[in-house]
Amino acid sequence: MKWPMVHTDTMLKSIVKSKWYPGIFQFPVLAVFIFITYELFFGPMNAHKNFGTALTWVLWWPVLPLLFLCMGRFWCAICPFATISDWVQKIVGNNRPVPRFLKKYGIWFIDVFFIMITWGDHVFGIVESPRGSGFMMVLIALGAITAGAFFERRTWCRYVCFLGGLAGNYSRAGMVELRGTPEKCRSCTVAACYKGGRKASGCPMFEFPKTMDTNARCNLCGNCLKNCPYDSPHISFRLPTKELWFIQRPRFEESFLAVVIMGIVFVQNITMVAIWQEAQTWLEHLLGTQEYAITFTVIFLIAMAIPVALLYFGSWGAAKKDGESVHMNFSRFGYSLIPLDFSAHMAHNLFHLLAEGKSIFSTGMAALGISVSSSSAAVVSMGTIHILQYVLLLLGMLGSMYTAYKISKSHYTAADILRITLPIGILIVVLTMANAYLFTLPMVHRM
């Protein structure tokens, strides 16, 4: 089922096929990135007064998941790290093949990278330190540049980048898809969409529209649309979560990332609530240490393990009914958590965006030498933020439960759907309630 939007396909194709795309977005984004990096290193050392910190952690990071849902991996097409990497590759690139271990274990590198970034933020205070944020930006840029200098296409984006992993997960549930037209692709022997042509290079993400069945690795760069002599690739809007219903080759590591994201959201929420200090003090007594890195690491590992264990038990319960292995159910039904992942992530980000949003204006004015006094950084009241958070969680829960139902329906008989879906549905409800409870607790501002 496609969304009934008049001329959507034609309009999107005309934009993406333009010779100005994606450069018309890449250059302004790169300019902003350079400005932000300058501010992080040479602006005020206090994060609450640094415009670069506000733009990064109050605006860009909270809005990014929403962009993935609405526009797929469009951000990856205009990402400043990838843009710089592309330039380096054109100048000094060796274009070596992607190492086999990256092809095989790339998603695990992404999982670990994502976990380590989150751990490092809390242990080293990256968000609260403009210089720390600046160094993180530079390290990511150096990783992308190094990959571009040695390996072909966008090896970094496809196999290493933690933002790419997050984008891939949310883009699966997103509203935009790019696919080849089977009737046109069937007789094609040119494969310009993958190899490239005179109008553009080949697919930077190693994708072949002819066989593509997911948006997880398409960055909407438009190269395939520009190169195809048969005008086969097309872009269209679709019902959110639809792609998750019919995944034929579920991968354990992709489902694991979906569960890890839920654990990371737990961590982000727990460390911002008022009871965090009490819990930390209690754990220090229990472990006999006041080393924050140790106490946080213990809580971090527990937070990671809880949703993984819950999905395992849910998969075990489903295995009793469907005859599949627990590993297969974990891989298959892990995708059903992505809608709840997104809603919980966005509900958390709403706090930063709406409770701290005015800091973008005040720090921006300060960067121009204009002092602006404000008693509060909040854009709306906390009551309004809570309502929006609960609405998001409700929508995410319903989206995940419906996705679990559709996954069951596409693999099992009608008589088995309810009893197979029930354990996963209980898991989804438990995770939703846990998130909802954390949002009822007072949160500490980071900006």
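Being a predicted model, the structure only gives us computed values, none of them experimental.

What counts, and at which threshold
Residues numbered from 1 in each chain as written. Predicted model: local features only at pLDDT ≥ 70, side-chain atom pairs only at ≥ 80, totals over all residues. Heavy atoms only, no water. Helix = DSSP H or I, 4+ residues; strand = E, 2+ residues; numbered from the N terminus. Rg over C-alpha atoms; globule rule 2.2 N^0.38 Å. Areas by Shrake-Rupley, 256 points an atom, 1.4 Å probe, with all protein chains shown as cover. Lys, Arg positive; Asp, Glu negative; His and termini not counted. Charge placed at Lys NZ, Arg CZ, Asp CG, Glu CD. Buried < 20%, exposed > 50% of the residue type's maximum accessible area, 1.4 Å probe, protein only. Polar contact = N/O pair within 3.5 Å; in protein donor to acceptor, adjacent residues only side chain to side chain. Contact = heavy atoms within 4.5 Å. Core = buried A, V, L, I, M, F, W, Y, C linked by side-chain atoms within 4.5 Å. Expected span 1.5 Å × (residues − 1). Arc of directions from axis to C-beta. Phe/Tyr/Trp six-rings, centres within 6.5 Å; stacked < 30°, edge-to-face > 60°. Lys NZ or Arg CZ within 6 Å of the ring centre and 35° of its normal. Patch = residues over 30% accessible without salt bridge, like charges linked within 9 Å, V, L, I, M, F, W, Y side chains within 5 Å. Salt bridge = Lys/Arg side-chain N within 4 Å of Asp/Glu carboxyl O. pLDDT = per-residue confidence, 0-100. Disulfide = S-S within 2.5 Å. Axes fitted to C-alpha atoms, helices over the stretch in contact; angles between N-to-C directions. Parallel < 35°, antiparallel > 145°, perpendicular 65-115°, else oblique. Nonpolar A, V, L, I, M, F, W, Y, C, P; charged D, E, K, R; others polar. Left-handed = near helix turned anticlockwise from the far one by under 90°.

Enquirer: Is there a simple way to think about the overall build of the protein in this case?
Expert: If you tally the helices and strands in the protein, you get 20 helices and 2 strands. The C-alpha radius of gyration of the protein comes to 22 Å, within 12% of the 22 Å expected for a compact globule of 447 residues. When the accessible surface of the protein is split by element, carbon and sulfur atoms take 69% of a total near 20,400 Å². Here the protein contributes 37 positive and 23 negative side-chain charges, whose respective centroids are spaced 11 Å apart.

Enquirer: Please clarify how the side chain of Arg238 should be interpreted in this entry.
Expert: Along the chain, the position of Arg238 falls in the loop between β2 (234-237) and α13 (252-270). Judged by its relative accessible area of 2%, Arg238 falls in the buried class. Of the polar contacts made by the side chain of Arg238, one reaches the backbone oxygen of Gly174; its length is 2.9 Å. Within the structure, Arg238 has its side chain in polar contact with the side chain of Glu177 (distance 3.1 Å).

Enquirer: Just to check I follow, could you spell out the environment of Val308 for this structure?
Expert: Mapped onto the elements, Val308 comes out in helix α15 (residues 292-322). Residues Val308 and Met262 lie 46 residues apart in sequence; the distance between their C-alpha atoms is 9.1 Å. Leave out the neighbours within four places in its chain, and Val308 touches Phe256, Val259 and Phe330.

Enquirer: Even after reading the chapter, I still don't get the nonpolar core, so can you show me in this structure?
Expert: Most often, soluble globular proteins have nonpolar side chains that are buried together. Counting 121 residues, the largest nonpolar core has Phe81, Trp156, Leu178, Leu220 and Ile235 as the members making the most contacts within it. Considering each element in turn, this core owes the most residues, 11 residues, to α13.

Enquirer: How should helix α14 (residues 276-287) be read in this particular structure?
Expert: Counting along an α-helix, one turn takes 3.6 residues, and residues three or four places apart therefore face a common direction. Taking 1.5 Å per residue, 12 residues should reach 16 Å; α14 reaches 16 Å between its end C-alpha atoms and fits that length. Residues of α14 that are buried: Trp276, Gln280, Leu283 and Glu284. Projection of α14 onto a plane perpendicular to its axis shows the buried side chains occupying an angular sector of 105 degrees, all on one side. The exposed residues of α14 that point more than 90 degrees off its buried face are Glu278, Trp282, His285 and Leu286. The inward-facing, buried residues of α14 contact α13 and α15. Downstream of α14 by a residue or two, Gly288 has a phi angle that is positive, lying close to 70 degrees.

Enquirer: When you look at the packing of aromatic side chains in this model, what are you seeing that I'm missing?
Expert: When we look at a pair of aromatic rings, we describe it by the centre distance and by the angle of the planes. Scanning the model with the defined rule gives 30 aromatic pairs in all. Ring centres of Phe296 and Phe300 lie 5.5 Å apart, and the angle between their planes is 25 degrees; this geometry places the pair in the stacked category. Linking Phe296 with Phe300, this pair stays in helix α15, spanning 4 residues, or about one helical turn. For the pair shown, Phe296 and Phe300 are each scored as buried. Members of the aromatic cluster, each reached through a chain of ring pairs, are Trp57, Trp60, Trp61 and Trp75. The ring of Tyr194 is capped by Arg153, whose NZ or CZ atom sits 4.3 Å from the centre of that ring.

Enquirer: Is there a simple way to explain a nonpolar patch on the surface in this structure?
Expert: Together, Trp282, Leu286, Leu287 and Ile294 make up a nonpolar patch on the protein surface, roughly 430 Å² of accessible area in all. The element that contributes the greatest number of residues to the nonpolar patch is α14, accounting for 3 residues. With respect to the helices and strands, the residue Leu287 is situated in helix α14.

Enquirer: Could you clarify how one ought to interpret the confidence of the model for the protein in this entry?
Expert: Low-pLDDT stretches of the model should not have their predicted coordinates read in fine detail. In the predicted model, the protein carries a mean pLDDT of 90, and the fraction of residues at 70 or more is 97%. Looking over the protein, one finds the lowest element-wise mean pLDDT in helix α1 (residues 8-16), namely 79, and the highest in helix α2 (residues 23-42), namely 96.

Enquirer: What is the right way to look at the state of the cysteines in this model?
Expert: Linking two cysteines covalently via their sulfur atoms produces the bond known as a disulfide. Inspection of every chain in the model, using the stated rule, returns 0 disulfides. Among the cysteines around Cys70, which has no disulfide bond, Cys76 carries the closest sulfur, lying 15 Å off. Relative accessible area serves as the criterion here: at 28%, Cys70 is assigned to the partly exposed category. Here Cys203 is not disulfide-linked; the sulfur of Cys221 is the nearest cysteine sulfur, at 5.8 Å.

Enquirer: Can you help me understand unusual backbone geometry in this one?
Expert: Glycine aside, a negative phi is what most residues show, and trans is what most peptide bonds show. Here Tyr21 and Pro22 are connected by a cis peptide whose omega angle stands at 0 degrees. If you trace the backbone, Pro22 turns up in the loop between α1 and α2. Within the chain, Phe206 stands out as a residue other than glycine whose phi angle is a positive 65 degrees. Tracing the chain through its elements places Phe206 in the loop between α11 (192-195) and α12 (223-227). Of note in the backbone geometry, Leu220 takes a positive phi value of approximately 55 degrees without being a glycine. Turning to its location among the elements, Leu220 is positioned in the loop between α11 and α12.

Enquirer: I tried to follow the packing of helix α6 (residues 100-124) against α13 on my own but got confused; where do I start?
Expert: The geometry of a pair of packed helices is captured by two quantities: the angle between their axes and the separation between those axes. The contact between α6 and α13 brings their axes to 9 Å, and the two run at 10 degrees. Between α6 and α13, the crossing angle belongs to the class labelled roughly parallel. Residues Ile107, Trp108, Ile110, Asp111, Phe114, Ile115, Thr118, Asp121 and His122 of α6 form the contact with α13, whose participating residues are Phe252, Glu253, Glu254, Phe256, Leu257, Val260, Ile261, Ile264, Val267 and Gln268. Grouping the amino acids of the contact of α6 with α13 by side-chain chemistry returns 12 nonpolar, 3 polar and 4 charged.

Enquirer: Any chance you could explain the pattern of salt bridges here in plain terms?
Expert: Side chains carrying opposite charge are able to pair once their charged atoms draw close together. Summed over the entire model, instances satisfying the criterion amount to 17 salt bridges. Note that Asp416 is salt-bridged to Arg419, the shortest N-O span being 2.6 Å. The network of salt bridges with shared partners includes Arg158, Arg172, Glu177, Arg179, Glu207, Arg217, Arg238, Glu243, Arg251, Glu253 and Glu254.

Enquirer: Please explain the packing of α2 against helix α7 (residues 130-150) as it appears in this structure.
Expert: Taken N-terminus to C-terminus, the directions of α2 and α7 make an angle of 140 degrees; their axes are 7 Å apart at the nearest point. Classed by the angle they form, the pair α2 and α7 counts as oblique. The two elements α2 and α7 meet at a crossing, and its hand is left-handed. Along its contact with α2, which presents Phe33, Thr37, Leu40 and Phe41, the element α7 presents Pro130, Arg131, Ser133, Gly134, Phe135, Met137 and Val138. Looking at the contact of α2 with α7 residue by residue, the class counts come to 7 nonpolar, 3 polar and 1 charged.

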